[in-house]
Amino acid sequence: MKSSAQVVVIGGGVVGASVLFHLTELGWADVVLVERKELTAGSTWHAAGGMHTLNGDPNVAKLQQYTVELYREIEQRSGQSCSIHMPGGLMLAGDRERMDWLRMAQARGRYLGMDMEIISAAEAKRMFPLLEENYFIGALFDPAEGHVDPTGVTRAYAGCARQAGAEIYQHTWVSDLRQRPDGTWDVITDSGEIHAEHIVNAGGLWAREVGRMIGLELPVLAMEHMYLITEDMNEVAEYNAATGHELPMGLDFDGELYIRQEGGGMLLGTYEQACVPWSPRETPWTFDQQLLAADLDRIAPSLEIAFKHYPALADVGIKNVINGPFTFAPDGNPLVGPVPGVRNCWMACAVMAGFSQGGGVGLTLARWMVDGDPGEDIWAMDVARFSNWASLAYTNAKVRENYSRRFRITFPNEELPAGRALHTTPVYDRLTAHNAVWGASFGLEHPLWFQRPGEEPREDVTFRRSNAYPVVAEECTTVRERVGLTECSNFAKYRVTGAGSAGWLQRLFTNRLPRVGRINLTAALDPSGHIVGEFSVARVGTDDFFLFGSQIAEAHHSRWFFGHLEDGVRFDVLGLSLVGLSLAGPGAREVLQSVTGASLATENYPFMTFRRIDVGMIPAYVGRMTYTGDLGYEIWVAPEYQRALFDLLWQAGRAYGIGLFGFRALMSLRMEKMFGTWAREYRPIYTPVEARMHRSLKLDHDFIGRAAVEAEMARGPARTLGYFDVTPDPAEPADVVGDEPIWHDGAVVGWVTSGAYAHYSRRSLAFGYVPSELAVPGAMFEVEIIGQRRPARLLPEPVLDPAGHRMRV
Ligand SMILES: Cc1cc2nc3c(=O)[nH]c(=O)nc-3n(C[C@H](O)[C@H](O)[C@H](O)COP(=O)(O)OP(=O)(O)OC[C@H]3O[C@@H](n4cnc5c(N)ncnc54)[C@H](O)[C@@H]3O)c2cc1C
């Protein structure tokens, strides 16, 4: 065994093998994989090997597409068969909502070049004669679905990696990991030690235990999962003989099951409601290529539906029942990337669909390690989308919810209940008393809207407009015509202090730093000129700054800041040690002025001022800006003051007709002001030139990514963020939710990033990226909403107050 290596990958399942392969592909040959038993000894060996490209996140779908397309290549290069079967797959809809969902999935696939087809139930029956047509109203056929041999795939990755110089040590258990002061690692195994520059946790079923070796509690949980294989069936043989090919795979949402041909019989797996975690606290190291006891009672409800939907199954014997564990993160997506706060430590775990995702996970992680950038938008898989709040118990609740909902529709306006309410701010009870309908993001509860008194604070889940629609319209009117109050604690807040702060931030940020007492907006870029983040920067001293950014990206962004930290700078993540309330609307100044001695007149407190003042008796930092685009203030206080602040403002606002508004209204208000948002308009796949962040780009100083920005400005961006006025179907109005394709002249040319109905302006609006040459004001496009192409006109400026008078008065 080598005593040193550039990388030690821990775990020889399909994911670890893929990481090893991709590292060698990118030129790192001094790489080692350590496996405690034999390759595939964790979840991999007993997987059903199914694969598909469809995913709720288009960026993950793209990586799944890459994975599926990789198998032929590794098979050929390694000489190891992967047993690739590509019969295509049917997603079967039993009701209208599922049909809508399939249409949306088909639409999302369009701009990824995925060639999926909506077909009738009769056509589905022709393709898959085992099904009983009456239970379905239609289906989506995806030709890019199939299955592979899990062991073959893992060995093929390993074979290719070995050819390129990688070494694999089987029957070698990593028992401890110790970091040296220089950030390198001593990997302690039962066969000796390896000194490594980087470690990768691809420990699969033991990823949590490997994490614990370095003090991490990863949000990963294994679930038991069952599938059964039938005896050979005449119906299958007849179909194969008649068509010359295998039956397509089937996804049956109502039965919460998947079904496919296996040999001369069928394989049927379920995601049952009565799901069971496996080894919820600790995975035994003694577990080794074992199966768990089958429990057919648990999957009986799904089997009952299966026998109705596929009657031939009722009469065939079961040859084999497989029950094995595999791991999930709380949202079902993998955990990939550098661990915040730990140098040279990388994750590639919680991959629940190793045969759809393993290749993409390996590719992006290897790029991240070798090039410093994953090269794709992997936000949905970034290990930093969770933080310490994702505890063992939280993970348990969320994973069970996620598993049992695997084949359920999650509507765009749906908030799932497990693991809540976890983080609340002090005004939670106050807002609940005002009938708040709550949502959660990054573990924190935030008010979505405020139901009318006496009515149940609950939102109907739908692809169309919900019962929130008229109430949110009233909240928007309150803000635009009187004064609205909302909570704004759900920003990430950071403080930067120390003698080197100003110089440091200036090198990171695209905008000039604001003067003391002022705020501005800025972007941070990577060296290739892509957007790492966008922030409000408030300066309270020469070397004293508050930064406000996206809350969901708090761990992601703080990892980036810490990664760039310099001597003489202190960077603090403020979390809930600073909470906020926001006043917005033409009456905001009068309300706040009535409770503070500081003059808020525009000449003394102009737009974009940020100062420490007293509000009543409460010490606060007050910024004159809000995301509504109206006159407004964000008031930041220590949590122990938030209730008193709420009471004070609420009382003072009565004379001005104050009302509460929530996140839904905020999204509507920001749309009519053409304000973009992180994770939608601004993501690491876009540049600030494409995103039209020109006001935050000042080329009078050096910053990371500047050369790339200048080059892009000189040649012009390939695509541009457009702002669209969409005409919904008057019979059944629905607004965009994000990821819809944008059509022009009969072809898909772009995609929607986000949108909303702008209640005050009475228009349905959307943001989306289109080729720059088409981004001409007034140009007509179509946006595909639930299977319908609706007209969309590109607008040159915000539909409300384009000159920005309202926020400056
Ligand atoms: C019944 C069943 C059916 C499935 N069907 C499908 C399917 O159809 N399609 C699909 O895509 N996915 C399917 N899966 C999921 C799939 O199996 C997983 O996504 C995949 O195997 C995860 O691979 P991995 O490499 O992350 O983890 P694992 O396969 O668990 O590999 C981790 C490896 O790390 C090793 N290891 C851990 N700790 C150490 C250590 N300290 N030292 C040395 N080695 C260590 C382990 O021995 C193990 O071999 C199924 C799973 C089950 C249980």
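Residues numbered from 1 in each chain as written. Predicted model: local features only at pLDDT ≥ 70, side-chain atom pairs only at ≥ 80, totals over all residues. Heavy atoms only, no water.

**Q** Go over the sheet that holds strand β33 (residues 719-726), please, and point to the residues and values.
**A** Spatial ordering of the closed barrel is given by β33-β36-β35-β34-β37-β38, a layout of six strands whose pairing is antiparallel. Put simply, the sheet's adjacent strands are angled 45 degrees from each other on average, direction ignored. Strand direction decides the pairing type here: strand β34 (residues 741-744) and strand β37 (residues 780-785), joined by two bridges, are antiparallel. Opposite W743, over in β37, you have E782 as the bridge partner. Together, β34, β35 (747-758) and β37 form the strand contacts of helix α3 (residues 96-110), whose direction differs from that of β34 by roughly 65 degrees. (Pairing = 2+ DSSP bridges. Helix = DSSP H or I, 4+ residues; strand = E, 2+ residues; numbered from the N terminus. Axes fitted to C-alpha atoms, helices over the stretch in contact; angles between N-to-C directions. Contact = heavy atoms within 4.5 Å.)

**Q** Hey, could you go over the pattern of salt bridges for me, with residue numbers and the actual values?
**A** Side chains carrying opposite charge are able to pair once their charged atoms draw close together. Under the defined criterion, the tally for this structure stands at 48 salt bridges. When the shortest N-O distance is used, the salt bridge between E782 and R789 registers 3.3 Å. Since its relative accessible area comes to 36%, R789 is described here as partly exposed. Overlapping salt bridges bring together R96, D100, R103, R464 and E732 as one network. (Salt bridge = Lys/Arg side-chain N within 4 Å of Asp/Glu carboxyl O. Buried < 20%, exposed > 50% of the residue type's maximum accessible area, 1.4 Å probe, protein only.)

**Q** I'd like a rundown of the sheet that holds strand β28 (residues 579-584), residues and numbers included.
**A** In space, the six strands of this open sheet follow the order β29-β30-β31-β28-β22-β32, with mixed pairing throughout. In the strand order of this sheet, the two ends are held by β29 (610-615) and β32 (658-660), each with one partner. Within this sheet the neighbouring strands show an average axis-to-axis angle of 30 degrees, counted without direction. In this structure, strand β22 (residues 483-487) lies alongside β32, joined through three bridges in parallel fashion. When the sheet's bridge partners are listed, G484 is paired in β32 with G659. Strands β22, β28, β29, β30 (618-623), β31 (632-637) and β32 of the sheet are contacted by helix α16 (residues 642-653), whose axis makes an angle of about 10 degrees with β28.

**Q** For the layout of surface pockets, give the residues involved together with the corresponding values.
**A** When its volume is computed, the second largest pocket comes out at roughly 950 Å³. Along its surface, the second largest pocket is lined by 36 residues, and P338, W368, G372, R559 and W560 are the ones closest to its centre. The set of elements that each furnish at least two residues to the lining of the second largest pocket consists of β19 (345-349), α9 (354-371), β25 (531-541) and α14 (554-564). When grouped by side-chain class, the residues that make up the lining of the second largest pocket number 17 nonpolar, eleven polar and eight charged. (1 Å grid on protein atoms, 1.4 Å probe; cavity = no way out; pocket = protein on both sides within 12 Å on 5 of 7 lines; lining within 4 Å. Points joined across faces, edges and corners; volume = space filled by probe spheres on them. Nonpolar A, V, L, I, M, F, W, Y, C, P; charged D, E, K, R; others polar.)

**Q** Please provide a residue-by-residue account of the packing of helix α1 (residues 14-25) against α9, values included.
**A** Their axes nearest at 8 Å, the elements α1 and α9 cross at an angle of 40 degrees. When the interaxial angle is binned, α1 and α9 end up oblique. The crossing of α1 and α9 is right-handed. Between α1, through V14, V15, S18, V19, H22 and L23, and α9, the contact on the second element is made entirely by G354, F355, G358, G359, V361, G362, L363, L365, A366, M369 and V370. A breakdown of the residues in the contact of α1 with α9 according to their chemical character gives eleven nonpolar, six polar and no charged. (Parallel < 35°, antiparallel > 145°, perpendicular 65-115°, else oblique. Left-handed = near helix turned anticlockwise from the far one by under 90°.)

**Q** Can you tell me about helix α13 (residues 501-508), naming the residues and giving the values?
**A** Burial of α13 is extensive: six of the eight residues sit out of reach of the surface. Regarding α13, the residues found buried are S501, A502, W504, L505, Q506 and L508.

**Q** Residues and numbers for the packing of aromatic side chains, please.
**A** Across all of its chains, the model carries 43 aromatic pairs by this definition. Ring centres of W389 and F442 lie 5.1 Å apart, and the angle between their planes is 75 degrees; on these two criteria the pair is classed as edge-to-face. Placement of the pair is W389 in the loop between α9 and α10 (392-404) and F442 in the loop between β20 (436-441) and β21 (444-450), with a sequence separation of 53 residues. The residues W389 and F442 share a single accessibility class, namely buried. Between F724 and F781, the aromatic rings sit 5.3 Å apart at their centres with planes inclined by 80 degrees, giving edge-to-face as the arrangement. Residue F724 is found in strand β33, and its partner F781 is found in strand β37; the two are separated by 57 residues along the sequence. For the pair formed by F724 and F781, the shared burial category is buried. Connected via pairs of aromatic rings, a cluster forms that spans W101, F253, Y258, Y271, F326, F328, Y403 and F407. (Phe/Tyr/Trp six-rings, centres within 6.5 Å; stacked < 30°, edge-to-face > 60°.)

**Q** Hey, could you go over the site of the ligand for me, with residue numbers and the actual values?
**A** Around the ligand, 39 residues are found, and the nearest of them are E35, T44, G50, V351 and G354. One of the side-chain N or O atoms of E35 is found 2.7 Å from an oxygen atom in the ligand. Summarising the interface, the protein chains cover 97% of the accessible area of the ligand, which totals 1000 Å² for the free molecule. For the shell around the ligand, the secondary structure elements donating two or more residues are α1, β12 (221-230), β17 (318-328) and α9. (Near = heavy atom within 4 Å. Polar contact = N/O pair within 3.5 Å; in protein donor to acceptor, adjacent residues only side chain to side chain. Areas by Shrake-Rupley, 256 points an atom, 1.4 Å probe, with all protein chains shown as cover.)

**Q** Tell me what's going on with empty space enclosed by the protein, and back it up with residues and numbers.
**A** This structure, assessed with the given rule, holds two cavities of 30 Å³ or more. Roughly 40 Å³ of volume is contained in the largest cavity. Lining the largest cavity, in full, are L54, N55, P58, A61, A105, R108, G109, L112 and M114. Of all the secondary-structure elements, those providing two or more residues to the lining of the largest cavity are α2 (58-78) and α3. Taken together, the residues of the lining of the largest cavity sort by class into six nonpolar, two polar and one charged. Of the pockets and cavities examined, the second largest cavity occupies roughly 30 Å³. Mapped onto the lining of the second largest cavity, the elements with two or more residues apiece are α6 (207-212) and β12. Among the residues making up the lining of the second largest cavity, the classes are represented as five nonpolar, two polar and one charged.

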